[in-house]
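# Descriptive structure summary
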Amino acid sequence: MSGTAVNISGKTRLFGILGYPVEHSVSPGVHNAAFRHLELDMVYLPLPVKPDDLGQAVAGMVALGFVGANVTIPHKEAIIPLLDELAVEARLIGAVNTLVFREGKVEGHNTDGAGFLAALEKEAGFAPQGKVGTILGAGGAARAVAVALAQAGAREIYIANRTPARAVELATHVQRELGIPCRGLAIAPEDLRPVLRRSDLVVNASPVGMYPHVDDPPLIPTGLLEPGCLACDLIYNPSETAFLRGAHRRGCRTLNGLGMLVYQGALSFELWTGRAAPVEVMRAAALAGLQKC
Ligand code: NAP
């Protein structure tokens, strides 16, 4: 198989991404590139499904013999009651981004947190064990990051959010489930200053700074960051956000969200195929897809 075309045979195995909308997703390009690279007789399709049709869509995928799928906005939480089995990470995060269809049963997994950890370790050489992490934001991505850091043995986790009650709720959940000291707080410089001073890792898990709002100021003044810490933005478009630019000027190491995007896909691929994912092929396809956005 070569070029960008996908070969379809009578035995082609089916995969796809369930979301609404899905037309801007880079996942079809990423997974089809991986299938082509390994010459697997598999195809990955965009599957736009409206919220009211989700149950029918999942039943249809079982009937059609789908092998696996990704799940994205707005279905990541709504899909949980439709599943036969839920993996531990997905239960802890409270959301599913990967389905595995096995013997008529549907399993829900979440590879976002493990993808984040893989990016930290492989691209920044950062191991969270014994470290202090601060997360800005308390939405779905922040949940995955908080659970992942706690599972990886972080010493303390702080979650700062525009709506402090959501940060406190997430911190309470993580501390109760995983036993790691975790505190929720408001995004207020006076509260954040002592927290950031002791943070080895600061993660922007909010959409602030994402294309097209690239000139919006970061959620926190980057002058509060401790020089030498790792500043990570889950945003991958633009590749360098105002937060990362400010962090770099402050003397921090930086990491954008492309690695998390690639590794969560690689981990889904490995769950479905049992093969080592061709990560660099997937990264190149993700970058090519993002350039078209
Ligand atoms: P979400 O569930 O909608 O949560 C958004 C969070 O950001 C909330 O805590 C929200 O605060 C906060 N927020 C939003 N706009 C804000 C603003 N103008 N000022 C202050 N806080 C604001 O979104 P998500 O799914 O977690 O995604 C968050 C970011 O992560 C997005 O940029 C997304 O693209 C990125 N992401 C990247 C990857 C990857 O693979 N790299 C994966 C997932 C997500 P409130 O609670 O106060 O509303």
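Quick summary incoming for the structure in this document. (Residues numbered from 1 in each chain as written. Predicted model: local features only at pLDDT ≥ 70, side-chain atom pairs only at ≥ 80, totals over all residues. Heavy atoms only, no water.)

### Structural notes on the packing of aromatic side chains
In total, this model carries four aromatic pairs according to the counting rule given. With 5.2 Å between their ring centres and 45° between their planes, Phe15 and Trp272 make a pair best called tilted. Of this pair, Phe15 sits in strand E1 (residues 13-19) while Trp272 sits in helix H9 (residues 258-273); the two residues are 257 residues apart in sequence, bridging distant segments of the chain. Neither residue differs from the other here; Phe15 and Trp272 are each classed as buried. Clustering of aromatic rings is evident, with ring pairs tying together Phe15, Phe35, Tyr44, Phe269 and Trp272. (Phe/Tyr/Trp six-rings, centres within 6.5 Å; stacked < 30°, edge-to-face > 60°. Helix = DSSP H or I, 4+ residues; strand = E, 2+ residues; numbered from the N terminus. Buried < 20%, exposed > 50% of the residue type's maximum accessible area, 1.4 Å probe, protein only.)

### Concerning empty space enclosed by the protein
Tallying each qualifying case throughout the model produces one cavity of 30 Å³ or more. In this model, the largest cavity occupies a volume close to 60 Å³. Lining the largest cavity, in full, are Val26, Ser27, Val30, His31, Asn70, Leu261, Val262, Gln264, Gly265 and Ala286. Taken together, the elements giving at least two residues each to the lining of the largest cavity come down to helix H1 (27-37) and H9. Broken down by element, the residue count for the lining of the largest cavity peaks at four residues, all from H9. When its residues are assigned to classes, the lining of the largest cavity shows five nonpolar, five polar and no charged. (1 Å grid on protein atoms, 1.4 Å probe; cavity = no way out; pocket = protein on both sides within 12 Å on 5 of 7 lines; lining within 4 Å. Points joined across faces, edges and corners; volume = space filled by probe spheres on them. Nonpolar A, V, L, I, M, F, W, Y, C, P; charged D, E, K, R; others polar.)

### Comments concerning the environment of Gly184
Take Gly184: it is sitting in strand E9 (residues 182-186). Given a relative accessible area of 17%, Gly184 falls into the buried group. In this structure, the C-alpha to C-alpha distance between Gly184 and Ala171, residues 13 residues apart in sequence, is 5.4 Å. In this view, Gly184 contacts Ile159, Ala167, Val168 and Ala171; residues no more than four positions away in its chain are not counted. (Contact = heavy atoms within 4.5 Å.)

### Thoughts on the layout of surface pockets
Using a probe with the size of a water molecule, rolled over the atoms, empty space left in the structure can be pinpointed. Here the largest pocket defines a volume of roughly 1800 Å³. Lining the largest pocket we find 50 residues, and of these Thr72, Ile73, Lys76, Met210 and Tyr236 sit closest to its centre. Listing elements by their share of the lining of the largest pocket, those giving two or more residues are strand E3 (68-71), helix H5 (140-151) and H9. In terms of residue class, the lining of the largest pocket is built from 26 nonpolar, 18 polar and six charged.

It is worth stressing that arrangement in space is one thing and function is another; only the former is reported here.
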